[in-house]
Amino acid sequence: MIRRSWAPFEKGAGLYGFVIFVVALGALATRVPRLPIRPMHTDEAVHADKFRDLLEAGKYEYDPHEYHGPTLNYLTLIPAWLRGQQEYAEITEATLRIVPVVFSVALIGLTGFLAGGLGPAVMAAALFTAVSPAMFFYSRYYIQEMLLICFTFGAIVSGYRYMRTKALVWMVAAGVSLGLMHATKETCIIAFGGMGLAAGLLVLVHIVRERSWRAGFAGVRCGHVVVGLVAAVGISALFYSSFFTRSQGIWDSYLTYATYLARGGGHDTTHVHPWHYYLQMLAFARYEGGPVWSEGATLLLAVVGLIVAVRGKPVCGMDPTLLRFIAIYTVALTVVYSAIPYKTPWCLLGFLHGMILLAGAGAVALLSWMRRPATRMAVAALLVVAAGHLAFQSYRGSFTCHADSRNPYVYAHTTEDIFAVADAIREYAGVGGLGESVPIQVACSGKDYWPLPWYLRSYAVAWSVELPPKIGPLIVISDDLEGALARRLYVETPAEDRRMYMYLFDDPYYMWLRPQVKLLGFVRKDVWELLQQRPDPTELLKDMHDRQAGQPAEVVRPQ
């Protein structure tokens, strides 16, 4: 009996592993800095609020209508505990966004496990994953997408390793990855379909070619498959049941597809876009005179990789079967995501990662096809330029145009006015007990106050979609409620109870929360006067410093 190692040494694996390790380190070093720089998106703030219950009460309940799966919430506990943050008010943007950062780096690292199937293409694929503007931007975004892509790739890598080694450990790893996909986001069903279609077609071709159905499953043990399925179902149930404390979550994780199938069809949502929305965004995007955005180099190289897959001839040690699997999987996901009316930019990451793997194969194939050293050097130079262009766009997208609506990955995003809004409100915190015993009032139609709850998480706030019956000392409203507020204050309120209010924000007296959502703020005059009478903290510090500087040296000298 021939025993196969679960981790066979592959030619060139050491060099590939070292290069990928360096690329992953570079990705980590460039993704971590300035995580709080971008205002929180509504979805990020909603997920953060969901995390609050888990952090402070140890409680998680899956909602089959919103918020997706629980892995993001549970995995966020790790950085929170490491930083000693026990309460929601202590959580920062860095605590939340480091989670997708870590999984984006893990995604790059996993590429090395395909060295036996993609050869030197794994190095190019790892590099393109690191510098892709979309991958970079959403690796710093507190949503489930980067986790889903990482777990999906983990399933592909583990499945491929199992087919090469027939080692049970890889089947278990594949099962765990599939379970984590299901526990992360409902759209995993699209990836399941893509992987199933690709595997099914390849097995069918093999059966027809060998004229034996057994040939299609040679070496695969039924017992291993059962163990893998148990691992997948078990991991999913573990998370959805909140670690076996709420069984209803398991059933809800399957019943939820009634909701998400309707949403995917474009019902009850404003996120409906044409079929070419994703491809156009990747190929060429320019909005309102802003800079040009393009991952066209990746698309072109992916087409080359697709041609290599269709030809089916080994190139530079690449496994044609694996390449065809990736090609079918990628095309299937691209078609399905393009056909679904509901679209948000981060959903493109699933098939973009497949394109990046194909692009890595395409880059290596192009170099191998060049016979003359001069042409090979020219192609290599073009590839370096293409990677540099992608890296530049990644920097621009995440550090200079991180909240610019002309950035295609900035979608329905909070404007940087949110910082001024939060600062203006915080300035009054504590004045007459405001934000403590007296709640700050925020009223916005359609709950259009998100992500303000994140920025005011330390204060007592009364949130509503309509004007409250009694207007408090400080209120922030959406602009469509301005007329109703004026009537409430100066018509419906008895004359003897009427109070004068001041604008909270400076001229022009409003702030943009996000495109088409304008906020107005008002503060009662007596509270405004209290703030004016409060000593300026800067002056207090200056006075204290001056007093210390004027004291005799022996008084301030330490014992």
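None of these values were measured; they are calculated from a predicted model.

(A) Geometry of the pattern of salt bridges. Per the stated rule, a full pass over the model turns up twelve salt bridges. Residue Lys 525 is joined to Glu 529 by a salt bridge in which the shortest nitrogen-to-oxygen separation is 3.9 Å. Residue Lys 525 and its partner Glu 529 are both found in helix 22 (residues 525-533); the two are separated by four residues, about one turn of the helix. When salt bridges that share partners are traced, they join Arg 38, Glu 44 and Arg 97 into one network.

(B) Focus on a negative patch on the surface. Residues Asp 53, Glu 56, Glu 87 and Glu 90 make up a contiguous surface patch of negative charge. When you line up the elements, Glu 87 lands in the loop between helix 3 (71-82) and helix 4 (93-110). Relative accessible area serves as the criterion here: at 47%, Glu 87 is assigned to the partly exposed category.

(C) Seen up close, the UniProt feature "domain: ArnT-like N-terminal" (unreviewed entry) in the protein chain. Per the UniProt entry, the sites bearing "domain: ArnT-like N-terminal" (unreviewed entry) are residues 84-245 in this numbering. Helix makes up 72% of residues 84-245 and strand 0%, with an end-to-end C-alpha separation of 25 Å.

(D) Representation of a nonpolar patch on the surface in the model. Taken together, the side chains of Phe 18, Phe 21, Val 22, Leu 25, Leu 28 and Val 32 define a hydrophobic patch exposed on the protein surface, amounting to about 540 Å² of accessible area. By secondary structure assignment, the location of Leu 25 is in helix 1 (residues 13-31).

(E) Molecular detail of the layout of surface pockets. In this structure, the second largest pocket spans a volume of roughly 1400 Å³. Lining the second largest pocket are 39 residues, with Gly 159, Met 163, Ala 199, Val 203 and Phe 325 positioned closest to its centre. For the lining of the second largest pocket, the elements supplying multiple residues, two or more each, are helix 8 (145-165), helix 9 (168-182), helix 10 (188-210), helix 11 (222-240) and helix 16 (320-339). Per element, the largest residue contribution to the lining of the second largest pocket is ten residues, and it comes from helix 10. Residue composition of the lining of the second largest pocket, grouped by class: 26 nonpolar, eight polar and five charged.

(F) Representation of the packing of helix 8 against helix 17 (residues 349-369) in the model. Between helix 8 and helix 17, the shortest axis-to-axis distance is 10 Å and the interhelical angle comes to 45°. Classified by the angle their axes make, helix 8 and helix 17 are oblique. Of the two elements, helix 8 crosses helix 17, and the hand of that crossing is right-handed. In this structure, helix 8 contributes Glu 145, Met 146, Ile 149 and Phe 153 to the contact, and helix 17 contributes Leu 349, Gly 350, His 353 and Leu 357. For the contact of helix 8 with helix 17, a count of residues per class yields five nonpolar, two polar and one charged.

(G) Looking closely at the environment of Leu 77. For Leu 77, the location among the structural elements is in helix 3. Sequence separation between Leu 77 and Leu 96 is 19 residues; the distance between their C-alpha atoms is 9.2 Å. When neighbours within four sequence positions are excluded, Leu 77 is seen to be in contact with Phe 51, Leu 54 and Leu 55.

(H) The arrangement of the nonpolar core in detail. Of all hydrophobic cores here, the largest spans 139 residues; its most connected members are Phe 128, Leu 348, Leu 349 and Trp 454. Broken down by element, the residue count for this core peaks at twelve residues, all from helix 17. Look past the residues within four positions of Leu 348 in its chain and what remains in contact with it is Ala 134, Tyr 278, Met 281 and Leu 282. Counting residues in hydrophobic clusters, the runner-up holds eleven residues, among them Ile 471, Leu 481, Leu 485 and Leu 520.

(I) Spotlight on the packing of aromatic side chains. Taken as a whole and judged by the stated rule, the model has 28 aromatic pairs. Between Tyr 449 and Trp 450, the aromatic rings sit 6.2 Å apart at their centres with planes inclined by 40°, giving tilted as the arrangement. The same class applies to Tyr 449 as to Trp 450, namely buried. Looking at Arg 38, its charged tip hangs above the ring of Phe 137, at a distance of 5.4 Å from the centre. Taking NZ or CZ as reference, Arg 396 lies 4.1 Å from the ring centre of Trp 293, over its face.

(J) Here's a closer look at the environment of Arg 514. If you trace the backbone, Arg 514 turns up in strand 5 (residues 510-514). Separated by 344 residues in sequence, Arg 514 and Trp 170 place their C-alpha atoms 46 Å apart. Non-local contacts of Arg 514, meaning those with residues more than four positions away in its chain, are made with Thr 42, Ala 412, His 413, Thr 414, Thr 415, Asp 448, Trp 450 and Pro 451. Polar side-chain contacts of Arg 514 include one of 2.8 Å to the backbone oxygen of Trp 450.

(K) Highlighting the pairing of strand 1 (residues 440-443). Side-chain alternation along strand 1 places Ile 440 and Val 442 on one buried face and Gln 441 and Ala 443 on a second face that is also buried. Bridging between strand 1 and strand 2 (residues 461-464) involves four bridges; their strand directions are parallel. Following the sheet pairing, Gln 441 is matched in strand 2 by Ala 462. Relative to strand 3 (residues 474-478), strand 1 runs parallel, the two sharing three bridges.

(L) Just empty space enclosed by the protein, in detail. Here the structure, examined in full by the defined rule, presents three cavities of 30 Å³ or more. Put simply, the largest cavity is a space of about 90 Å³. In this structure, the largest cavity is lined by Leu 148, Ile 149, Thr 152, Phe 153, Ile 156, Thr 187, Ala 191, Tyr 329, Leu 333, Tyr 337, Gly 350 and His 353. For the lining of the largest cavity, the secondary structure elements donating two or more residues are helix 8, helix 16 and helix 17. Among the elements that make up the lining of the largest cavity, the one with the highest residue count is helix 8 (five residues). Of the residues assigned to the lining of the largest cavity, the class counts are eight nonpolar, four polar and no charged. The space that makes up the second largest cavity amounts to roughly 40 Å³.

(M) Looking closely at the side chain of Thr 415. One can find Thr 415 in the loop between helix 18 (373-400) and helix 19 (417-427). For Thr 415, the side chain forms a polar contact with the main-chain oxygen of Trp 512, separated by 2.4 Å. Not counting residues up to four positions away in its chain, the partners in contact with Thr 415 are Pro 39, Trp 512, Leu 513, Arg 514 and Pro 515.

(N) Looking closely at helix 10. Taking 1.5 Å of rise per residue, 23 residues should cover 33 Å, and helix 10 covers 33 Å from first to last C-alpha, within 8% of that figure. Of all the residues in helix 10, the buried ones are Cys 188, Ile 190, Ala 191, Gly 194, Met 195, Ala 198 and Ile 207.

Thresholds applied
Within any chain, residue numbers begin from 1 and follow the written order of that chain's sequence. Only residues with pLDDT of 70 or above have their local features reported here, since the model is predicted, and side-chain atom pairs are shown and tallied only from 80 upward, although totals for entire chains, interfaces and linings are computed over all residues. For the side-chain quantities, the full set of heavy atoms in the structure was used; hydrogens and water were omitted. Any Lys or Arg side-chain nitrogen located within 4 Å of an Asp or Glu carboxyl oxygen qualifies as a salt bridge. In DSSP terms, a helix is any run of H or I states spanning at least four residues, a strand is any run of E spanning at least two, and both are numbered starting from the N terminus. Exposure above 30% relative accessible area and no salt bridge define the residues that can form patches, which grow by joining like charges within 9 Å and nonpolar side chains of Val, Leu, Ile, Met, Phe, Trp and Tyr within 5 Å. The accessible surface values rely on the Shrake-Rupley method and a 1.4 Å probe; as for residues, cover is taken only from the protein chains in view. This count recognises Lys and Arg as positive and Asp and Glu as negative, with His and chain-terminal groups excluded. Every charge is mapped onto a representative atom, which is NZ of Lys, CZ of Arg, CG of Asp or CD of Glu. A 1.4 Å probe rolled over the protein chains alone gives each residue an accessible area, and that area as a share of the maximum for its type sets the label: buried under 20%, exposed over 50%, partly exposed in between. UniProt positions are given in the numbering used here, feature names are shortened, and annotations may be inferred rather than shown by experiment. Note on definitions: the grid is 1 Å and covers protein atoms alone; a cavity is a set of points where a 1.4 Å probe fits but cannot get out; a pocket is an open set with protein on both sides within 12 Å along at least five of seven lines; lining residues have an atom within 4 Å of a point. Grid points are joined across faces, edges and corners, and a volume is the space filled by probe spheres set on the points. The residue classification treats Ala, Val, Leu, Ile, Met, Phe, Trp, Tyr, Cys and Pro as nonpolar and Asp, Glu, Lys and Arg as charged. All others, Gly included, are polar. Here an axis means a line fitted to C-alpha atoms, over the contact stretch when the element is a helix, while the angle between two N-to-C directions is reported on a 0 to 180 degree scale. By definition in this entry, angles of less than 35 degrees are roughly parallel, angles greater than 145 are roughly antiparallel, angles of 65 to 115 are roughly perpendicular, and the rest are oblique. Definitions for this section: a left-handed crossing has its near helix turned counterclockwise from the far helix by less than a right angle. A right-handed crossing has that turn clockwise. The contact definition used throughout considers only heavy atoms, calling two residues in contact when any of these lie within 4.5 Å. Joining through side-chain atoms within 4.5 Å is the link that ties buried Ala, Val, Leu, Ile, Met, Phe, Trp, Tyr and Cys residues into a set, and such a set is a nonpolar core. Within 6.5 Å between ring centres, the rings of Phe, Tyr and Trp (the latter by its six-membered ring) count as paired, and their orientation is classed by plane angle as stacked under 30 degrees, edge-to-face over 60, tilted in between. Only when the NZ atom of a Lys or the CZ atom of an Arg is both within 6 Å of the ring centre and within 35 degrees of the ring normal do we say a charge sits over the ring. N or O atoms within 3.5 Å of each other form a polar contact, as long as, within protein, one can give a hydrogen and the other can take it, and as long as residues adjacent in sequence are counted only when both atoms are side-chain atoms. Following DSSP output, two strands are said to pair if at least two bridges run between them. Here the expected span of a helix is defined as 1.5 Å times the quantity of residues minus one.

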